[in-house]
Amino acid sequence: MQIPTLQLLFDGAVSGLVIGLLAVGIVLVHRASRVINFAVANMGLVGSVLFALLAVRWNVPYWIALVIALAVGTLFGALIDLTVVRRLFQAPRVIMLVATIGVAQLALTVVTALPDLDDQTAESYPVPWGGTWSPTSDLRITGAQISVLVTVPLVAILLGVFLTRTVLGQTVQAAADNPELARLQGISPKAVSTAVWAIAGLVGTLCLILISAQNKSLSQITTLGPTTLLRALAAAVLARMTSPRIALLAGVLLGLLQSFIQFNWLDQPGLTDLVIFLLVLVSVFFVSRSRGLETSSFSFAPKARPVPERLRDLWWVRHLERAPLLLLGLVAVVLPLLVHQSSRQLLYTIILSYAICAVSVTILTGWAGQLSLGQMAFAGLGALTAAALCRGLQISVGSSTVVLNALPFPVAVALASLLTAVLAAIVGAGALRVRGLLLAVSTFAFGIAAEQYLYRRPVFQDPGSHTASFPRDTAFGIDVTDQRTYYYLVLAVLTVVLAVTARLRRSGVGRTTVGVRDNPATAAAYTVGATRVKLRAFTLAGGIAGLGGSLLAGAVQTVSYSDRYFLSPDSLALVSIVVIGGLGSVYGPVLGALWVIGLPAFFPGNAVVPLLTSSLGLLVLLLYFPGGLVQIGYAARDAILRFAERRLGPAPEGKTRAAVPAALTRAADRAPLPVDRPVLAASDIRVRFGGMTAVDGVSLQVQPGEIVGLIGTNGAGKSTLMNAIGGFLPATGTVELLGRDITGASSATRARAGLGRTFQTATLFPELTVRQTVQIALEARGRTELLTTALHLPHTYRQERVKRSDANELIDFLGLGRYADAFIADLSTGTRRIVELAGLLALDARLLCLDEPTAGVAQRETEAFGPLIREIRRELDAAMLVIEHDMPLIMSISDRVYCLETGRVIAEGTPDAVRNDPKVIASYLGTDERAITRSGAAPAGAASSHTPNSAAAPA
Amino acid sequence: MRSPRRRRPLLIAAAVAALAISACSVESKDDTPSASGGPTAEAYPPPAAPAVAPGVTANSIKIGFVYPDLDKVRQYIQIDHGDYKAAFQALVDKANSEGGINGRKIIPVYGAVDVISPTGAQETCVRLTEDEKVFAVLGSLNADEALCYVQTHKTAVVGGDLTAARYALAQAPWIATLQGGDEIADGLPLLADRGALTGKKLAVVSYKDDQALLDTTVLPTLRGRNIAITETAVMDADIKDPAAVSSQLNVFIQKFQSDGVNAVLLIAGAQSQFPAELAKTSYRPQLLFQSNNQAGAFIFGASDDDLKVLDGALSLGQAVDYTPRDNPCIATVEAAVPAARGKIINPGDVPKGQPQIAISEGIACQTLALFRAVVQKAGKNLTYQSFQQAAFSLGKINLPIVVDDATYGRQTPHGDIPPRVMTYDPVKKTFELAAG
């Protein structure tokens, strides 16, 4: 290896400075709005092109043109905020990210409408000084480079001053972290956002002017390709999306790294991108460890209102959803019989293949919440693998050659899908800790690495050439060389994929995946581990992408890995397809593929169609039809259902059932509790957040059947302790449950061992209904299996019916009948807490950890909780650890109470003993005699007036 | 005992392993068959040519004419090759007015490729071959596009870049006037004879999509002539990303400079990008272009200052002559398309910003002339078999525009038009045929 020349190091550093400035723009927007701005460069395109037009075509003096261009760039950024960002202000950040892709396209469209400069062949992109300076004999610095050296540090310093010394700058982070609190403090988060996006526009414009000046060319004014954008994203990730200074430095380092790799390995194309992909993976891993970046769910996913239970008896209602699909299917079957041209049939086949690929994004992004911007890379690798297997392989191993004989077309496709699924699982395992938007960066980097490096491995190519042909012959004994026959084959595969996907979505597989997406902690408390579910989604999505890619390549009988279908822009297009169709909807991919791929094919000469189907169309759709095309269908269906409900008359009252539901009657006897052992024994629990000790050596025990109260001031460490016991936080010390040491176990494993948990916020799963939520908890009694469910085996239907029936019983038991089909997001806090309790009943847990079960509940409703908690203890024969601030309630239901202060136990004993403990009085209850007295008893009658099925009164 | 649930992944893995093993065999390297299924001595093994004649009747022959629909990209980039369809139609009309070919009138089917749509080339290919069932496809075909016709859809092609690697995949007759870069094997000795390669520190620059040409032709040819290569570089930056291209080529230039490279051989896709980056520096190695057309593309978009990097540059290419007097074909097109009159000149001589009409006219003239010659030779009984036999026995033919004769034979389906060395003329700002 050689050290690059001084000139090259200098050039690399200068290029890196601009990349670093772009990364600063990314960091700035992320700090302000938690959005990864994929339009960071293109936002500057309008200003940079206008600058060239002003200075070259219209002969405006350089500095005046520059000021105008920067002002326009700033204005463009502000306009983006006002028209796009504000409209999506409350939207999940992933939707905002997708919107920024549309913004990038919008900028390109604006620039295309401007006059071009192709006739100015004698001119180059304007620079303030066109000369060169050679401070040493081996270093030559151009005027454009001097511009970079002067401008970038200056802008970085000014941005630093803005962020640290100005009120607006200081509010940037605060407004993003907690918009509500910021608003209370007199900060307008929207004004801050406008300022930041305007600055992002300014930074983007500056960057593109600096880059264009270095490139000089006027005929091809710089647009940044995915590889350059990736370097800026990588620098931002290295800066943990927070530090502009580190982002700038990382940009420079990446510039130097690129110079170093390319200098030493000139003939190894794609090596730099592979290294950057690995670098991104490593840095994203560490960033994710340190902080959560994306917790919001996909509330823009179109909500399909469940069919009300009483309408299910109507046959036409049961088949209502299938009707349009059957119609679409009928059209799909008949169309090739009416349209005889093979070229049209090829187009239809390509639409179907894209729809299959898009299903993978539906599962991964729509259900699991993992945004993949490199999904077509899996499709490409699947296609290349299938082509190689179909062709036969020769791999040199030492002195021998392993010859893999050519496999039949369907076997090759099936094996390729399987291998792609395994690859996706490996990539997914690497990215398991990567949360939310950072996964988008990782998968984007994977896509680039695949097209630059992996696709080009000799094993994938025809012997002696750089093509990958994929001729198709027969499948299952049928000749598929004919376009129409192949179309029907792909249609059949798509039908199977949709049937499997729809079945999975309706089963525990879909529910748990959405549950983990919406609230991994609650899912874990319901025994559903996020790792397994995410890995399952990755694997499934990878396999389907590989299948779709193979069939797409089969349609054109070659794998065009270098110029179409499987490149990073195609991955972005695939996301567009899914969002346009309806994110998360099973049928969205079909509608999206028809729109994005089909419309241009059906209307080839129409000038508007390409705009509608581009990222720009996606942007418009996000703004005005956030649920995608499928949302329109859902709206129509809901209207029909409402009509049907009106005809049936008013709904009867929710069922009430005084008797204990069968769902609470255990099918199998529980293992007996260990003799003379507590249900829970936590010893010397210690939790640290950086330098702060939140829980400091706490030990506590809960005996069988006991209700133990945990009280203390806010910040005393109660919830942290409960999280540590539940395995939701890393902690030291030991935790034993039912005599079994569960210290190292995951939260889901602890839940399976019998530890139930509710949360202070009772967020549950906003996008799921009450019934679906309880059904997730019922997974603890029997896991829904992926393979058997996908295969539609009869016993899986039985299991599903049992789960539904059990859920209904539990819901009715707690008086939630009329909310069974309501979305959790639409419920009051009190009702959500009852749903949480229903979940605990479903879990059949031996120890229930309840974190402020009455928080946010009205006083009258709170009073109903004491008896309800006792009832649940009795039915489940469970012990309880309860955090509660309502002193009358906690003192009335607890057998023993622990009081915490600053992470330590300051008192323990019976409610009376703790209430009268001087330390508790001093630290928590205060010296007000009335408060101490009031903490002694629950209101009269509360304990006797409750029945379980009236608990759901809050609404 | 293991539960069935635990056994299931094992069973699946075992099934996959069994399938893989059943499909595998291990051989010593000596036994390994060649890529095409058996050892072959021919560089251009003839493709299958059955006695079939799609699109041919007793008095007509259906031909597909394929060309890029550049209207689709005109809003993004300034590119104009003239009116392909008008040029083809003019020549078809002329041929039909003369009685067709062997008494068969030509029925043209036009296939304008939507260059923006990812499915454009494939759709055109399937439309011409399956919907229209043409006998042969003539025209402008980029890189691997010809394979859709001659490999996938087993349809004869006249035109495109016929490389040995692509020809080996063909399943139908294919003749062309271009070798897709393979001609460099003949061109490099010419450069060597001029002393452009020997006694120099030589670097070779290629593009990622052309690595096959680099690995299979350029490097072996150079090594075969004992020409030392100081550096080999492969550009992987996206050509549509000027920042990435500039950054990477700058690294190449610095490396070459530090190694004392004084001659750079530019292959395929790197040819118009490298000189543009080189112009930003003071480093001036001698540039050697594999393709005169690519060198011309650089000249077309470059400023006068940038063109200084071409001082002393050499390029390889076919000697061409667009004079209507010497090319009746050009005169025919000019007569039929008044807008083209007087504008069909060497694309390298076209003023910047003006359409390069000669590109479309040249392709139309050459491919149709070649097709007519072969079909005439095939006789009345026109099938793929007779077409291929006629092509192999065509021998020398002087095609329109090209100065040198083409020679068609079993091992020269590309016509073997000899490459010529051209030198850059800084006054005319074009590459001119080198003396001798």
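Worth saying up front: this structure is predicted, and the values here are computed from it rather than measured. Every chain is numbered independently, its residues counted from 1 as its sequence is written. Whichever chain is written first becomes A and whichever ligand is written first becomes 1, with later ones labelled in order. Given that this is a predicted model, residues contribute local features only at a pLDDT of at least 70 and side-chain atom pairs are listed and counted only at 80 or more, while totals for whole chains, interfaces and linings are drawn from all residues.

A.B. asks: I keep staring at the overall build of chain A and nothing clicks. Help me out?
C.D. replies: Along the backbone of chain A there are 38 helices and 16 strands. Here chain A holds 955 residues, and 58% of them are scored as buried. In this description, any two residues whose backbone-derived C-beta atoms lie within 7 Å of each other are considered to be in contact. Contacts in chain A between residues far apart in sequence, at least 24 positions, make up 79% of those at least 6 positions apart. Starting at the N terminus, helices and strands are each numbered in turn, a helix being any DSSP run of H or I of at least four residues and a strand any DSSP run of E of at least two. Using C-beta atoms placed from the backbone, we call a residue buried if 20 or more other C-beta atoms fall within 10 Å of its own, exposed if 12 or fewer do, and partly exposed for counts in between.

A.B. asks: Even after reading the chapter, I still don't get the pairing of strand β3 (residues 393-397) of chain A, so can you show me in this structure?
C.D. replies: The side chains of a regular strand alternate, residue by residue, between the two faces of the sheet. All names here are of chain A. Relative to strand β4 (residues 400-404), β3 is paired through 5 bridges, and the arrangement is antiparallel. For glutamine 394, the partnering residue across the bridge sits in β4 and is valine 403. Whether two strands pair depends on DSSP finding at least two bridges between them. Once β3 ends, the chain turns through 2 residues before running back antiparallel as β4, passing glycine 398 with a positive phi of about 60°.

A.B. asks: In this structure, what is going on with the nonpolar core? I would like to understand it.
C.D. replies: Note that soluble globular proteins tend to have their nonpolar side chains buried in a common cluster. A set of buried residues qualifies as a nonpolar core if it consists of Ala, Val, Leu, Ile, Met, Phe, Trp, Tyr and Cys joined through C-beta atoms within 7 Å. Counting residues in hydrophobic clusters, the biggest one holds 451 residues, and the most contacted among them are Ala23 and Leu847 of chain A. Apart from residues lying up to four places away in sequence, leucine 847 of chain A is in contact with Val679, Leu680, Val702, Leu737, Gly754, Leu755, Gly756, Ala878, Ala879 and Leu881 of chain A.

A.B. asks: Would you mind going over the interface of chain A and chain B with me for this structure?
C.D. replies: Frequently, the measure chosen for interface size is the accessible area that the parts lose on association. Taken together, the contact pairs 69 residues of chain A with 62 residues of chain B. If you list the elements that add at least two residues to the side of chain A that touches chain B, you get α1 (6-33), α8 (189-215), α9 (226-238), α10 (244-264), α14 (342-367) and β4 of chain A. All amino acids are sorted into three groups, where Ala, Val, Leu, Ile, Met, Phe, Trp, Tyr, Cys and Pro are nonpolar, Asp, Glu, Lys and Arg are charged, and the leftover types, Gly among them, are polar. Classifying every residue of the side of chain A that touches chain B gives 22 nonpolar, 37 polar and 10 charged.

A.B. asks: Quick question: what am I supposed to make of the sheet that holds strand β11 (residues 314-317) of chain B here?
C.D. replies: Through backbone hydrogen bonds, the strands of a sheet pair up, either in parallel or in antiparallel fashion. Residue and element names in this part refer to chain B. Here 7 strands make up an open sheet; going across it, the order is β8-β7-β9-β10-β11-β14-β15 and the pairing mixed. If you trace the sheet from one side to the other, it starts and ends with β8 (229-235) and β15 (430-433), each paired once. When strand polarity is set aside, the average angle formed by the axes of neighbouring strands in this sheet is 25°. Whenever a helix is involved, its axis is fitted only over the stretch in contact; in every case the axis is a line through C-alpha atoms, and angles between N-to-C directions fall within 0 to 180 degrees. Against the sheet, helix α6 (residues 184-193) contacts β10 (286-289), β11 and β14 (420-425), and its axis sits at roughly 145° relative to β11. Sitting on the sheet, helix α7 (residues 211-224) touches β7 (202-207) and β8, and the angle it makes with β7 is about 160°.

A.B. asks: Teacher, can you tell me more about the domain arrangement of chain A here?
C.D. replies: All names here are of chain A. Taken domain by domain, chain A consists of domain 1 (6-267), domain 2 (309-640) and domain 3 (662-934). Those domain boundaries reflect an automatic or database domain assignment. Between the C-alpha centres of domain 1 and domain 2 there is a distance of 34 Å. The interface is formed by 22 residues belonging to domain 1 together with 20 residues belonging to domain 2. Of all the elements in the fold, those that place two or more residues in the side of domain 1 that touches domain 2 are α4 (93-113) and α9. If one sorts the elements of the side of domain 1 that touches domain 2 by residue count, α4 sits on top with 13 residues.

A.B. asks: Is there a simple way to explain α7 of chain B in this structure?
C.D. replies: Structurally, the α-helix is built with 3.6 residues per turn, so residues lying three or four positions apart point the same way. Residue and element names in this part refer to chain B. With 14 residues, α7 should cover 20 Å at 1.5 Å per step; its first-to-last C-alpha distance of 18 Å lies within 8% of that length. Most pronounced at valine 218, the bend in α7 amounts to some 30°, and the proline proline 220 follows within four residues. Where α7 is buried, its residues contact α5 (164-167), α6, β7 and β8. Of the residues one or two after α7, asparagine 226 is the one with positive phi, at around 55°. By this rule the span expected of a helix is its residue count minus one, scaled by 1.5 Å. Fitting axes to the seven residues that end at a residue and to the seven that start at it, the angle between those axes gives the bend at that residue.

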